[in-house]
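Summary of the model geometry
Okay, here's what each chain looks like letter by letter:
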Amino acid sequence: IVGFGQAVEWYEEGDGGYTWINESGVAPSNYGSFQFTGSATSMIVDAGSLVGDEGDFLGAFYDGELRGIAYSSANDLPPSSYYGESIYYLYMYSDASGTETFDFKFFDASSGLTYCLPETMVFVSDMALGSLFTPEEFSVTLSGDVDVPGCTDASACNYDADATSDDGSCSVND
């Protein structure tokens, strides 16, 4: 009997995803194999509003490999203008300093969708970017904000994978 395990997504606990490193933090499952660390206290903004709910994750990637992950947590520093808002304490890992450009993804638990974020960052060993007063800002356009008309029928010859609403243009061969 051969067993097949389901692949773990980057925003799930397990090999290839994240692991708990203490009671309050998460890290890539392979975090111990890297020499250097850096951090970015961050926020995610959609059309001027901060984004983050339970189960949401911000991920840092190099060449498709998860190199940092953070979940949404509330800013608990009262003097901050972002007090009570969602903040991501992103801790990142690498074996190189100043040569790897990280890209970022946001997992929205309420929709189950992952978004590629437009920002990138060059990893530098021991970097400490952002704070609870001035967090690093990442931008996202959540799918509920954008209506992309097109053919949403996957069996149609003119299926549009980017379409979010069916515009009646589908052509299906009989």
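Attention here is on the structure that accompanies the text. (Residues numbered from 1 in each chain as written. Predicted model: local features only at pLDDT ≥ 70, side-chain atom pairs only at ≥ 80, totals over all residues. Heavy atoms only, no water.)

**Some thoughts on the state of the cysteines**
If you walk through the whole model with that rule in mind, you get one disulfide. Here Cys-151 is linked by a disulfide to Cys-170, with a sulfur-sulfur distance of 2.1 Å. In this structure, the disulfide formed by Cys-151 and Cys-170 twists by about 115° around the S-S bond and is classed as right-handed. Placement of Cys-151 in the loop between strand 12 (149-150) and strand 13 (165-166) and of Cys-170 in the segment after strand 13 is noted, with a sequence separation of 19 residues between them. Relative accessible area serves as the criterion here: at 1%, Cys-151 is assigned to the buried category. Here Cys-170 falls in the partly exposed class, since its relative accessible area comes to 25%. Cysteine Cys-157 remains unbridged, with the sulfur of Cys-151 as its closest cysteine sulfur at 8.0 Å. In this structure Cys-157 comes out as exposed when scored by relative accessible area, which is 57%. (Disulfide = S-S within 2.5 Å. Helix = DSSP H or I, 4+ residues; strand = E, 2+ residues; numbered from the N terminus. Buried < 20%, exposed > 50% of the residue type's maximum accessible area, 1.4 Å probe, protein only.)

**Topic: the nonpolar core**
Judged by nonpolar contacts, the single largest core of 20 residues is most densely connected at Ile-44, Leu-58, Met-92, Phe-104, Phe-106 and Val-140. Counting nine residues, the second largest nonpolar core, distinct from the first, contains Val-26, Phe-57, Phe-61 and Ile-69. (Core = buried A, V, L, I, M, F, W, Y, C linked by side-chain atoms within 4.5 Å.)

**Here we look at the layout of surface pockets**
Its volume calculated, the largest pocket comes out at about 190 Å³. What lines the largest pocket is Ile-21, Ser-24, Gly-25, Val-26, Ile-69, Ala-70, Tyr-71, Ser-73, Tyr-89 and Tyr-91. Elements with a contribution of two residues or more to the lining of the largest pocket: strand 2 (25-28), strand 6 (65-74) and strand 7 (86-94). If you tally residues by element for the lining of the largest pocket, the top one is strand 6, at four residues. (1 Å grid on protein atoms, 1.4 Å probe; cavity = no way out; pocket = protein on both sides within 12 Å on 5 of 7 lines; lining within 4 Å. Points joined across faces, edges and corners; volume = space filled by probe spheres on them.)

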